[in-house]
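Here are the chains, one letter per residue:
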Amino acid sequence: MKLTPRIAPHIRSSVSNKTVMGDAVISLAAVYVIAWFYYGLRAVALGALSAGVCWSADILCTLWRGRAVNRVDFSPVVTGMIIPLLLPASVDYAVVVTAGIFAICVVKQAFGGLGSNVFNPAAGGLAFVIVCWSGKLFAYPGPFAPLALTGTATERLLGSTAATLKMGGVPPYDVTSMVLGLVPGPMGTTNILVIAACMLYLCVRGTVRLQQPLIFLATAAAWAAVFPRVPADPLYSVFYELTGTPLLFAAVFLFTDPVTTPRRAGAKAIYAFVSALLVMLFQWYGGYEMTIPFALLMGNALVPALDSAVERYITAKRRAKYGRRQQKSDLAAERAEIDAVQ
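Please read all numbers here as calculations on a predicted model, not as lab measurements. (Residues numbered from 1 in each chain as written. Predicted model: local features only at pLDDT ≥ 70, side-chain atom pairs only at ≥ 80, totals over all residues. Heavy atoms only, no water.)

Below, the discussion takes up empty space enclosed by the protein. By the definition in use, this model includes four cavities of 30 Å³ or more. In this model, the largest cavity occupies a volume close to 310 Å³. Along the walls of the largest cavity sit 23 residues, with M21, V78, F253, D257 and P258 positioned nearest its centre. Mapped onto the lining of the largest cavity, the elements with two or more residues apiece are α1 (17-39), α3 (75-85), α5 (121-132) and α11 (247-253). Sort the elements by how many residues they give to the lining of the largest cavity and α3 lands first, with four residues. For the lining of the largest cavity, the per-class residue count stands at 14 nonpolar, seven polar and two charged. Its volume calculated, the second largest cavity comes out at about 100 Å³. Taken together, 16 residues form the lining of the second largest cavity, with P186, T189, G244, T245 and P246 sitting closest to its centre. Those elements giving two or more residues to the lining of the second largest cavity turn out to be α6 (161-166) and α10 (234-244). (1 Å grid on protein atoms, 1.4 Å probe; cavity = no way out; pocket = protein on both sides within 12 Å on 5 of 7 lines; lining within 4 Å. Points joined across faces, edges and corners; volume = space filled by probe spheres on them. Helix = DSSP H or I, 4+ residues; strand = E, 2+ residues; numbered from the N terminus. Nonpolar A, V, L, I, M, F, W, Y, C, P; charged D, E, K, R; others polar.)

Written out as structure tokens, the structure is:
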């Protein structure tokens, strides 16, 4: 008999890595269509380059470790597609390549590869390049800017809504512009309608549980209402936080990663709540306008503790329930014995 080791808990499910990552690729492709519409072929080229670099790095690292290559593993492609979407469309190609190599070789493969990495690879790669190139990553071209396909983009760059909120200002954009993504920002996070449609698609497919992004977004919205960065109107503060920062994109594509999130439903809910608090704290007091990758990495570090705590709670509850059943059974047996004697 051949025994194959697996990471606990051993839960049977029709959802596999192939279906989860395949659905993610389809959803991210829809986001790239909008990025191409707003920024031209450079956006698509950045995504293709990043996906190719991550896929190649994953194969090379797997072979170097003496392991067989999983031909249906789309996770490095997903990582590669996510990274450019959180960066300006004008970003240098070298930045995307560096982020992809760091994400796969250091954050993923160094911990054992698929299913064994503790931290989200895309978040790790983004955090690395933000620290290295922070001066170049927070200036964005406006939608429909004519970006050159090759070389360094030289178009006029603007500050994002997140930067305006960071400085205590009020974003000068109306509701329609914010929802449709007609504002400067990371090339894949500004069109709220498309990202919301992707979330619904992933939830219908069963690859994402709706409770996790909803708890995450509700917690962030509550924080923004209680501690508004637009003091004149807390509702506008909530609106701009949810639409003008990468919160929605992160809730759909980053904080729902099946490898680096808890396994139990209760732990997932706690994780979503705690992660949202970390994101808002980082956005309020962090040194960069986009601190979601750093908050995500910190949240990933808490996942083993959350899984362990919830597992202990479930085990204790199950044992208590079994104990009550056993006690009732013993009492029934005693009564039957007394009745027989009488």
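Between its terminal C-alpha atoms helix α8 (residues 192-205) stretches 20 Å, which fits the 20 Å expected from 14 residues at 1.5 Å a residue. Considered for burial, the residues of α8 that qualify are I192, V194, I195, C198, M199, L202 and C203. Here α8 starts with a cap whose side-chain oxygen sits 3.4 Å from the backbone nitrogen of L193, and that cap is N191. Of the residues flanking the end of α8, it is G206, one or two places downstream, whose phi is positive at about 85°. (Expected span 1.5 Å × (residues − 1). Buried < 20%, exposed > 50% of the residue type's maximum accessible area, 1.4 Å probe, protein only. Polar contact = N/O pair within 3.5 Å; in protein donor to acceptor, adjacent residues only side chain to side chain.)

Our focus in this paragraph is the environment of T243. Along the chain, T243 falls in helix α10. For T243, a relative accessible area of 9% gives the class buried. Taking C-alpha positions, T243 is 7.0 Å from T190, a pair spaced 53 residues apart along the chain. Aside from chain neighbours lying at most four places away, what touches T243 is M178 and I192. A distance of 2.7 Å separates a polar atom in the side chain of T243 from the backbone oxygen of F239. (Contact = heavy atoms within 4.5 Å.)

So, on to the packing of helix α9 (residues 211-226) against helix α12 (residues 265-285). Packing of α9 against α12 leaves a shortest axis separation of 8 Å and a crossing angle of 35°. As for the relative orientation of α9 and α12, their crossing is right-handed in sense. Its residues assigned to classes, the contact of α9 with α12 comprises 16 nonpolar, four polar and one charged. (Axes fitted to C-alpha atoms, helices over the stretch in contact; angles between N-to-C directions. Left-handed = near helix turned anticlockwise from the far one by under 90°.)

That's the geometry; what it means functionally is another story.
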